[in-house]
Amino acid sequence: MTLSQIGIVVAIFIYLAGMLVIGFIASRKTNDVGDFYLGGRKLGPLVTAMSAEASDMSSYLLMGVPGLAYFSGVADAGWTAIGLAVGTYLNWLFTAKRLRKYTEKIDAITLPDYFKKRFRDEKNITLLIGAIAIIVFFIPYTASGFSACGKLFAQLFGVNYQLAMIVSAIIIVGYTTTGGFLAASTTDFVQSIVMSIALIIVLCYGINQAGGMEAVINNANELKGFLNFSTTHLNAVKPDVDVYVNESGPYGLFNKITMFCWGLGYFGMPHILLRFMAIDKPEKLKLSRRVASVWCVISLGVATFLGVVGRAMTQTGVLDLLMNTSDYTNTSESEKLIVVLADHISKNGFGYALIAGLIIAGILASTMSTADSQLIAASSAVSENIIQDVFKVKMSETAAMLTARLTLVIVAVLGVVIAWNPNSSVFNIVSFAWAGFGAVFGPAMIMSLFWKRSNKYGIIAGMLSGAIVVFVWKYGVRPMGGVWDLYELAPAFLVAIIFIVIVSLVTPAPDEEIVKEFEEDRK
């Protein structure tokens with residue numbers, strides 16, 4: 001092992017040890033299931049804001065977004081970033097406070113539990129659909145994080161991709177099963193800071209190595225369509241995917257809508273909505289919203305520009321071209337940009353290697369902060385919602401905690417299986433899971449909080465139609481190309497809202513008790 005690799009390992013070891021210590025400390029404050037899933041509703045505004053954003057900004061922030069910008073320019077990554085920033089702000093503005101107050105009033109500690117109690121669903125249909133959706137879509141989402149970890153260590157140390165992925169999964173499961181939601185939220189707060197530092201260091205280093213800001217812009221302009229929000233850069237033209245070219249392609253309104261619609265997903269993200277439910281006082285959410293929105297805009301902007309800087313470094317010969325030479329339309333190699341840059345930094349001496357280790361820790365932070373939150377949500381879906389609520393299995397606090405922790409392990413194992421292929425794309429895996437959550441929970445959440453005429457029949461129809469359209473559109477409609485090449489979240493979200501409205505109106509209105517509760521929550 002080289003001196004630079006030793007420096008990286010030392011920094012990573014210190015970071016991971018710190019995360020496990022936080023998990024141990026949090027475990028001493030985790031006394032029951034409510035603490036395990038919501039931290040006892042005692043998060044402060046800063047931890048709420050930063051843990052929500054860190055759990056949101058998974059490995060796609062440090063690997064997916066820069067890799068996409070490196071690969072095709074600012075259009076795809078830029079419109080995605082804009083959509084995410086807008087969606088973040090609107091979700092905090094309209095959803096956070098109402099959801100926090102409503103869930104406390106009806107004593108709901110999970111998202112499916114909220115829908116069940118909000119609509120008095122005695123047959124647990126909304127609860128079951130919600131719990132299944134969480135499991136189905138969180139497994140591939142978690143897999144994307146494990147894939148990022150595998151690529152990271154395989155690139156840096158030449159270790160086996162699958163082995164690196166398994167070790168990373170064990171670390172994440174280790175501190176999450178120990179401390180639950182409080183551990184996840186506290187570590188996410190720390191990890192959001194580490195992620196920010198990593199982005200800034202890599203960006204500044206990259207600009208310097210590329211020859212300064214002017215050189216970055218000039219080199220990027222040599223690539224056709226690279227810095228244009230209305231065109232996209234093409235590295236190959238099908239069917240000749242193994243022939244590198246420097247061409248541009250149109251990036252029309254449909255393309256922009258497709259990427260902008262990523263923002264719709266926020267209204268249905270269980271791991272983010274749980275943060276809204278966990279803050280100690282609803283009044284503090286205003287501060288949380290401001291902090292979260294500012295961090296989101298800055299981090300996504302920096303991540304996108306990092307891709308531009310990285311491609312400029314390739315243009316000047318500082319970095320090799322990060323692409324699959326047998327298929328120049330595949331983005332998987334480009335997603336290794338920040339890892340390659342960290343390795344580049346580490347070659348300058350032991351001190352720089354420690355800094356590179358901090359950057360790698362930032363990548364781990366982005367992955368771990370999302371994976372831990374997803375594992376918490378998945379375990380709650382199985383232990384609380386399916387086993388206890390649907391199948392009516394009575395469990396003691398100890399048994400419920402054990403079941404939750406076993407679920408964490410099972411979901412992690414399935415995630416590892418899905419991410420077993422080292423050529424899997426982090427961005428593509430995340431985009432599908434994001435669409436699933438956005439379509440199943442987003443319309444249902446909005447209508448449940450803002451339309452008193454909505455009922456359980458409409459919500460059930462919306463959840464089912466949203467999930468079905470996601471699968472049908474992705475695998476049946478979108479491959480047709482042309483005007484049909486639209487991100488599956490947009491049509492699924494729209495269809496789900498339509499179903500909620502129509503079915504709610506043609507079925508019996510909610511009971512007076514439900515309407516009264518709804519109106520009291522709006523005060």
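The coordinates are above.
Criteria and thresholds
Residues numbered from 1 in each chain as written. Predicted model: local features only at pLDDT ≥ 70, side-chain atom pairs only at ≥ 80, totals over all residues. Heavy atoms only, no water. Helix = DSSP H or I, 4+ residues; strand = E, 2+ residues; numbered from the N terminus. Buried < 20%, exposed > 50% of the residue type's maximum accessible area, 1.4 Å probe, protein only. Contact = heavy atoms within 4.5 Å. 1 Å grid on protein atoms, 1.4 Å probe; cavity = no way out; pocket = protein on both sides within 12 Å on 5 of 7 lines; lining within 4 Å. Points joined across faces, edges and corners; volume = space filled by probe spheres on them. Nonpolar A, V, L, I, M, F, W, Y, C, P; charged D, E, K, R; others polar. Axes fitted to C-alpha atoms, helices over the stretch in contact; angles between N-to-C directions. Parallel < 35°, antiparallel > 145°, perpendicular 65-115°, else oblique. Left-handed = near helix turned anticlockwise from the far one by under 90°. Patch = residues over 30% accessible without salt bridge, like charges linked within 9 Å, V, L, I, M, F, W, Y side chains within 5 Å. Areas by Shrake-Rupley, 256 points an atom, 1.4 Å probe, with all protein chains shown as cover. Salt bridge = Lys/Arg side-chain N within 4 Å of Asp/Glu carboxyl O. Core = buried A, V, L, I, M, F, W, Y, C linked by side-chain atoms within 4.5 Å. Phe/Tyr/Trp six-rings, centres within 6.5 Å; stacked < 30°, edge-to-face > 60°. Lys NZ or Arg CZ within 6 Å of the ring centre and 35° of its normal. Arc of directions from axis to C-beta.

1. Structural notes on the overall build of the protein
Phase 1 of the analysis: In terms of helices and strands, the protein carries 19 helices and two strands.
Phase 2 of the analysis: The burial tally for the protein puts 61% of its 523 residues in the buried class.
Phase 3 of the analysis: If you take every contact in the protein between residues at least 6 apart in sequence, the share linking residues at least 24 apart comes to 83%.

2. Things to note about the layout of surface pockets
The gaps of empty space that remain are located by a probe, the size of a water molecule, rolled over the atoms.
Phase 1 of the analysis: Space inside the largest pocket adds up to approximately 1200 Å³.
Phase 2 of the analysis: Taken together, 35 residues form the lining of the largest pocket, with Phe-71, Asp-76, Thr-329, Arg-478 and Asp-485 sitting closest to its centre.
Phase 3 of the analysis: Taken together, the elements giving at least two residues each to the lining of the largest pocket come down to helix H4 (59–72), strand E1 (231–234), strand E2 (247–250), helix H10 (253–260) and helix H16 (426–450).
Phase 4 of the analysis: A class-by-class count of the residues in the lining of the largest pocket yields 13 nonpolar, 15 polar and seven charged.
Phase 5 of the analysis: In this model, the second largest pocket occupies a volume close to 330 Å³.
Phase 6 of the analysis: Lining the second largest pocket are 16 residues; nearest its centre among them are Leu-16, Phe-153, Ala-164, Val-167 and Ser-168.
Phase 7 of the analysis: Of all elements in the fold, only helix H1 (3–27), helix H7 (125–157), helix H8 (161–210) and helix H14 (350–390) reach the threshold of two or more residues within the lining of the second largest pocket.
Phase 8 of the analysis: With six residues, the single largest contributor to the lining of the second largest pocket is H8.
Phase 9 of the analysis: For the lining of the second largest pocket, the residue count by class is 15 nonpolar, one polar and no charged.

3. Let's talk about the side chain of Ser-448
Phase 1 of the analysis: Inspection of the secondary structure assignment puts Ser-448 in helix H16.
Phase 2 of the analysis: When residues no more than four places from it in sequence are discounted, the contact partners of Ser-448 are Tyr-114, Phe-115, Arg-118, Phe-119, Ser-454 and Phe-518.

4. Thoughts on the packing of helix H17 (residues 456–477) against helix H18 (residues 489–506)
Phase 1 of the analysis: At a closest axis distance of 7 Å, the pairing of H17 and H18 adopts a crossing angle of 155°. Relative to H18, H17 is oriented roughly antiparallel. Relative to H18, H17 is oriented so that their crossing is right-handed. Residue-level inspection shows Tyr-457, Gly-458, Ile-459, Ala-461, Gly-462, Ser-465, Gly-466, Val-469, Val-470 and Trp-473 of H17 in contact with H18, the latter providing Pro-491, Ala-492, Val-495, Ala-496, Phe-499, Ile-500, Val-503 and Ser-504.

5. Some thoughts on unusual backbone geometry
Phase 1 of the analysis: In this structure, Asp-107 takes a positive phi of about 60° despite not being glycine.
Phase 2 of the analysis: With respect to the helices and strands, the residue Asp-107 is situated in the loop between helix H5 (74–105) and helix H6 (111–118).
Phase 3 of the analysis: Residue Asp-107 is classed as exposed on the basis of its relative accessible area, which comes to 52%.
Phase 4 of the analysis: Phi at Arg-120 takes a positive value of approximately 50°, unusual for a residue other than glycine.
Phase 5 of the analysis: Tracing the backbone shows Arg-120 in the loop between H6 and H7.
Phase 6 of the analysis: By relative accessible area, which is 22% here, Arg-120 ends up partly exposed.

6. Observations regarding a nonpolar patch on the surface
Phase 1 of the analysis: Nonpolar side chains collect at one region of the surface, where Ile-82, Val-86, Tyr-89, Leu-90, Leu-93, Phe-94, Phe-229, Phe-260 and Phe-450 lie side by side and expose about 720 Å² of accessible area between them.
Phase 2 of the analysis: For the nonpolar patch, the element with the highest residue contribution is H5, accounting for six residues.
Phase 3 of the analysis: Within the secondary structure, Val-86 is located in helix H5.
Phase 4 of the analysis: Judged by its relative accessible area of 35%, Val-86 is partly exposed.

7. Topic: empty space enclosed by the protein
Phase 1 of the analysis: A complete count under the given rule lists one cavity of 30 Å³ or more for this structure.
Phase 2 of the analysis: Reported here for the largest cavity is a volume of approximately 40 Å³.
Phase 3 of the analysis: As for the largest cavity, its lining consists of Thr-110, Leu-111, Pro-112, Ile-134, Pro-270, Leu-274, Ala-377 and Ser-380.
Phase 4 of the analysis: Mapped onto the lining of the largest cavity, the elements with two or more residues apiece are H6, helix H11 (270–278) and H14.
Phase 5 of the analysis: Residue composition of the lining of the largest cavity, by class: six nonpolar, two polar and no charged.

8. Re the pattern of salt bridges
Phase 1 of the analysis: As enumerated under the stated definition, the model contains 12 salt bridges in all.
Phase 2 of the analysis: In this structure, Lys-224 and Glu-247 form a salt bridge, with 3.9 Å as the shortest nitrogen-oxygen distance. With Lys-224 in the loop between helix H9 (213–221) and E1 and Glu-247 in strand E2, the pair connects residues that are 23 residues apart, well separated along the chain.
Phase 3 of the analysis: A salt bridge links Lys-452 to Glu-519; the nearest nitrogen and oxygen atoms lie 2.9 Å apart. A residue pair is termed long-range when its members are at least 10 positions apart, and Lys-452 in the loop between H16 and H17 and Glu-519 in helix H19 (residues 512–521) qualify at 67 residues.
Phase 4 of the analysis: A relative accessible area of 36% means that Glu-519 is categorised as partly exposed.
Phase 5 of the analysis: Through salt bridges that share partners, Arg-120, Glu-513 and Glu-517 make up one connected network.

9. A closer look at the environment of Lys-117
Phase 1 of the analysis: Its place among the elements puts Lys-117 in helix H6.
Phase 2 of the analysis: Separated by 397 residues in the primary sequence, Lys-117 and Ile-514 have C-alpha atoms spaced 9.6 Å apart.
Phase 3 of the analysis: Contacts of Lys-117, omitting those with residues within four sequence positions, involve Ile-106, Asp-107 and Ala-108.

10. Section: the nonpolar core
Phase 1 of the analysis: Phe-115 and Trp-434 are the most contacted members of the largest nonpolar core, which totals 154 residues.
Phase 2 of the analysis: Setting aside residues no more than four positions away along its own chain, Trp-434 makes contact with Asp-56, Tyr-60, Leu-84, Tyr-141, Trp-262, Gly-265, Tyr-266, Met-269, Tyr-487 and Leu-489.

11. Here's the deal with the packing of aromatic side chains
Phase 1 of the analysis: Scanning the entire structure with this criterion turns up 17 aromatic pairs.
Phase 2 of the analysis: Both rings, one in Phe-94 and one in Phe-450, keep their centres 6.5 Å apart while their planes meet at 80°; by these two values the pair is edge-to-face. Of this pair, Phe-94 sits in helix H5 while Phe-450 sits in helix H16; the two residues are 356 residues apart in sequence, bridging distant segments of the chain.
Phase 3 of the analysis: Here the aromatic cluster, defined as three or more aromatic residues joined through ring pairs, consists of Tyr-102, Tyr-114, Phe-115, Phe-137, Phe-432, Phe-437, Phe-441, Phe-471 and Tyr-475.
Phase 4 of the analysis: Sitting over the face of the ring of Phe-518, Arg-98 holds its NZ or CZ atom 5.3 Å from the ring centroid.
Phase 5 of the analysis: Between the NZ or CZ atom of Arg-118 and the centre of the ring of Phe-119, over which it lies, the distance is 4.4 Å.

12. Quick notes on H10
Phase 1 of the analysis: Taken together, the buried positions of H10 are Lys-256, Thr-258 and Met-259. Axial view of H10: buried residues confined to an arc of 160°, hence all on one face.

13. Some details on the environment of Ala-490
Phase 1 of the analysis: For Ala-490, the position within the fold is in helix H18.
Phase 2 of the analysis: Sequence separation between Ala-490 and Trp-262 is 228 residues; the distance between their C-alpha atoms is 8.3 Å.

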